[in-house]
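So you can see what is in the structure, the chains are spelled out below.
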Amino acid sequence: MITLYEHPLSPYAQKVKIALREKGLTFELAMPGGLGAGGAAGQFVDANPRAEVPALIDDETAVFDSTIILEYIEDNWPSPALLPHGAGERARVRMIEEVMDTHFEAVNWAMGEINWFRRAEGDLAEQLKARAAEQTQGFYAWLEKQLGSRDWFNGAEFGWGDLCVAPFVGTAIGVGHRPAEGSPLADWCARAFARPSVAQTIAESRAFDGALTDVASLVRQGLFKREYRDHRLEWMIKAGGVDVVLKGLEAGNIRFSPDFG
């Protein structure tokens, strides 16, 4: 039995769920009681000392990090293939994944800091939101270049390149950053979000939207730590949001590095 520790709002966990569903694999979902070393324990922390989702348990094998999990899934269940054929094409979709994971995600994360945790208000909040909107449209232009004349980022068929884009673009749309109507990226969104594996995953995320107040409560209780990875910290500082980071530090509910001790 495959167990996936996840959070419905995590785009990294969403990537993995889409991949598992595309493979037609049976799995069960588990949501840990604490995240980011905020009271997490048991099998989840054994699987991932960072106490971050996703973490996958497959019998005696435990894997963390969404990209490594995707590689494990592809190695263990190669059919249907999610990676395209050829070294060049595989490198291309992996580079798309890298951009989404470590650049695009930082913008969405910043909007969470502002919209959900209210760590910036007034002029600073508006400044950061404007910068986020501008950068998101820049990423959309870049994505359209990667898409080119293809139907899918992966090529002729839906695959790795697409499941690594869908969760992040879906999150951006949720905060009001939509691709231009009638654009190639908007058309891709229509195709991708209609796909059963993506539709089910996005539906799970939207159904959990009402639990954001619970997340804030978990933060206050110390059961959830906001994880400032380097790419998130870099974006916030470059965009002028140093005070946002400092507020999180003062509240004692963000951290910067894993605790393996």
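Calculation notes
- Residues numbered from 1 in each chain as written.
- Predicted model: local features only at pLDDT ≥ 70, side-chain atom pairs only at ≥ 80, totals over all residues.
- Heavy atoms only, no water.
- Helix = DSSP H or I, 4+ residues; strand = E, 2+ residues; numbered from the N terminus.
- Buried < 20%, exposed > 50% of the residue type's maximum accessible area, 1.4 Å probe, protein only.
- Contact = heavy atoms within 4.5 Å.

**Student:** Would you mind showing me how to read the environment of alanine 81 here?
**Tutor:** If you trace the backbone, alanine 81 turns up in the loop between helix 3 (66-76) and helix 4 (87-115). Judged by relative accessible area, alanine 81 falls into the partly exposed class, the value being 45%. Along the sequence, alanine 81 and glutamate 157 sit 76 residues apart, while their C-alpha atoms lie 9.8 Å from each other. Sequence-distant contacts of alanine 81, defined by excluding residues within four places in its chain, comprise Lys23 and Glu74.

**Student:** For this particular structure, what's the right way to read unusual backbone geometry?
**Tutor:** Residues other than glycine predominantly adopt negative phi, and peptide bonds predominantly adopt the trans conformation. Residues valine 53 and proline 54 are joined by a peptide bond in cis, for which omega reads 0 degrees. With respect to the helices, strands and loops of the structure, proline 54 is situated in the loop between helix 2 (43-47) and strand 3 (55-58). With omega at -5 degrees, the peptide bond leading from serine 79 into proline 80 counts as cis. Counting through the fold element by element, proline 80 comes out in the loop between helix 3 and helix 4.

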